[in-house]
Amino acid sequence: MVDVVDSAYFHATEHRPKHAITEAETIPLIDLSAESNLLADIRDASNEWGFFQVVNHGVSLELRRNIESAAREFFAQSKEEKGKVKKDEANPMGYYDSEHTKDVKDWKEVFDLAVESPMVMPVSHDPDDKELVEFHNQWPGYPPNFWEACQEYALEVKNLAFKLLQLISKSLGLPENHLDGFFKDHTSFIRINHYPPCPTPDAAFGIGPHKDSGGLTILAQDDVGGLEVKRKEDGAWIRVEPIPDAYIVNLGAILQVWSNDIYQSVEHRAVVNSERERFSIGFFFNPAHYVNVEPQRELIDDQKNPAKYRPYNWGKFGATRRRSTFKKFDVKYNQISDFKIAAE
C-alpha cells in the first residue's frame with residue numbers, strides 16, 4: 001500500500017465513515033448444531049437482517065488457522081513479489097491492490113482464487129457471444145504451503161455453504177435440495193482481504209457500502225473487526241463484533257431474486273483503523289455460469305405475488321461486473337435492480 005494517502009481513497013464527506021451504533025443488538029448468532037428452532041432462527045435472521053453468524057459449523061479450526069497464517073506471510077512480502085501473481089482482465093485470479101467500490105478506491109489489497117479451478121465463465125457480457133473462457137488460479141512461490149492451505153480450507157467451507165443453502169431453502173418452504181442443482185458447476189471464489197493501518201480512517205473505507213451480487217457469502221474475520229451492516233429497519237450502521245471461530249453469513253442478490261424479495265441482500269461496508277492491520281477471508285458461493293436467475297415458481301403467484309424480477313444469466317452478469325473492475329464505463333445491467341419489474 002502507499003505511504004501517502006491518495007485522494008482516490010477519499011469518499012465524499014456525506015458518505016465518510018461515522019461511528020457505528022454500539023449497542024447490545026447485533027446480527028443474530030445461530031448454533032448450527034441446535035436440534036430445535038434452527039429453521040426458525042435462519043428464517044428470522046434472513047428476514048430481519050440478511051446477515052447472521054454461525055458457530056458449530058463443522059469447519060476445522062486448524063484449517064482456518066493455516067490459511068490465516070499463509071495469508072499473513074503472503075501479504076507481508078514486497079509489492080514486487082506479490083505483483084508476480086497479479087490478476088488482470090484476462091485472468092481475474094490472483095493479487096490486486098486497486099479495488100474500487102462505486103468509483104472510490106478501497107483501502108485494501110486482496111488475493112482471489114477459484115474454489116474449482118479452472119473456473120468456466122463467458123468471455124464477454126454480450127448475450128450473443130457464446131464463447132467461454134477458463135480462469136486458472138495463480139499460486140505464489142511463497143509461502144510454500146499457500147496452495148495447500150487454500151485448497152483444504154476451500155473444500156471445508158464449500159461443504160458448509162451447501163449446508164447453509166439447504167437450510168435457507170427449507171426456511172423458504174422449499175425442498176432441502178431445491179437450490180443445489182444451480183451449483184453443480186459453481187463459480188465460487190475465495191477472496192483474502194488485507195486491510196493495512198490507514199492514516200485517514202475517517203475519510204476512507206476498507207471497502208465502501210455495497211451489496212454482494214452472488215448467492216451466499218461466508219466470511220471469516222479476525223479479532224480486529226471492521227465489518228458494519230446497515231440495519232434494515234432504520235438504516236443505522238451496526239458493527240459486527242468478532243466472535244472467535246464464528247463465520248458471518250450474508251445473503252447475496254441471487255437469493256433475493258430466487259426468494260422474490262422474501263429475503264433481501266443487505267448493504268454492508270468495512271471500516272479501517274490507524275493502528276492495526278486487519279484480515280478477513282470471504283467465500284463467495286456462486287452458481288454455474290449457465291444458470292438463469294429468476295424467482296422460484298414455488299414462491300410466486302401470478303395474482304397475489306407475481307414475479308418481481310426478469311430472468312438474467314449469472315455468467316453474463318458476472319462478465320459485466322468483471323469488466324467494471326478493470327475499466328470505468330457506463331455499465332448496463334450491473335445490479336439486480338436493473339432487472340426489477342415495475343409494479344403496476
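Residues numbered from 1 in each chain as written. Predicted model: local features only at pLDDT ≥ 70, side-chain atom pairs only at ≥ 80, totals over all residues. Heavy atoms only, no water.

The line we're drawing: UniProt positions are given in the numbering used here, feature names are shortened, and annotations may be inferred rather than shown by experiment.
Named according to an unreviewed UniProt entry, the chain is Fe2OG dioxygenase domain-containing protein originating from Rhododendron griersonianum. What the UniProt record of the chain gives under Sequence similarities (unreviewed entry) is the line "Belongs to the iron/ascorbate-dependent oxidoreductase family."

## Some words on the sheet that holds strand E15 (residues 268-270)
As a reminder, the rule being used: Strand pairing is assigned whenever DSSP detects at least two bridges linking the two strands. Counting from the N terminus, the helices are DSSP H or I runs at least four residues long and the strands are E runs at least two residues long. An axis is simply a line fitted to the C-alpha atoms; with a helix, the fit covers only the stretch in contact. Between two such axes, the angle follows the N-to-C directions and lies from 0 to 180 degrees.
Strand order in the open sheet formed by four strands is E10-E15-E12-E13, with antiparallel pairing between adjacent strands. In the strand order of this sheet, the two ends are held by strand E10 (207-210) and strand E13 (237-239), each with one partner. Taken pair by pair, the neighbouring strands of this sheet meet at an average axis angle of 20 degrees, ignoring direction. Taken together, the three bridges between strand E12 (residues 227-230) and E15 define a ladder with antiparallel strand orientation.

## A few points about helix H1 (residues 38-48)
Stated formally: Accessibility here uses a 1.4 Å probe with only protein chains present; expressed as a share of the type maximum, an area under 20% marks a residue as buried, one over 50% as exposed, and anything in between as partly exposed. The arc refers to the directions leading from the helix axis to the C-beta atoms. Contacts are residue-level and defined by heavy atoms, with any inter-residue pair within 4.5 Å sufficient.
Every buried residue of H1 is listed here: Leu38, Ile42, Ala45 and Ser46. The buried residues of H1 all sit within an arc of 95 degrees when viewed along its axis, so they share a single face. On its buried face, H1 sits against strand E1 (29-31), strand E2 (51-55), helix H4 (146-171) and strand E14 (247-251). Positive backbone phi, at 75 degrees, marks glycine 50, one or two positions downstream of H1.

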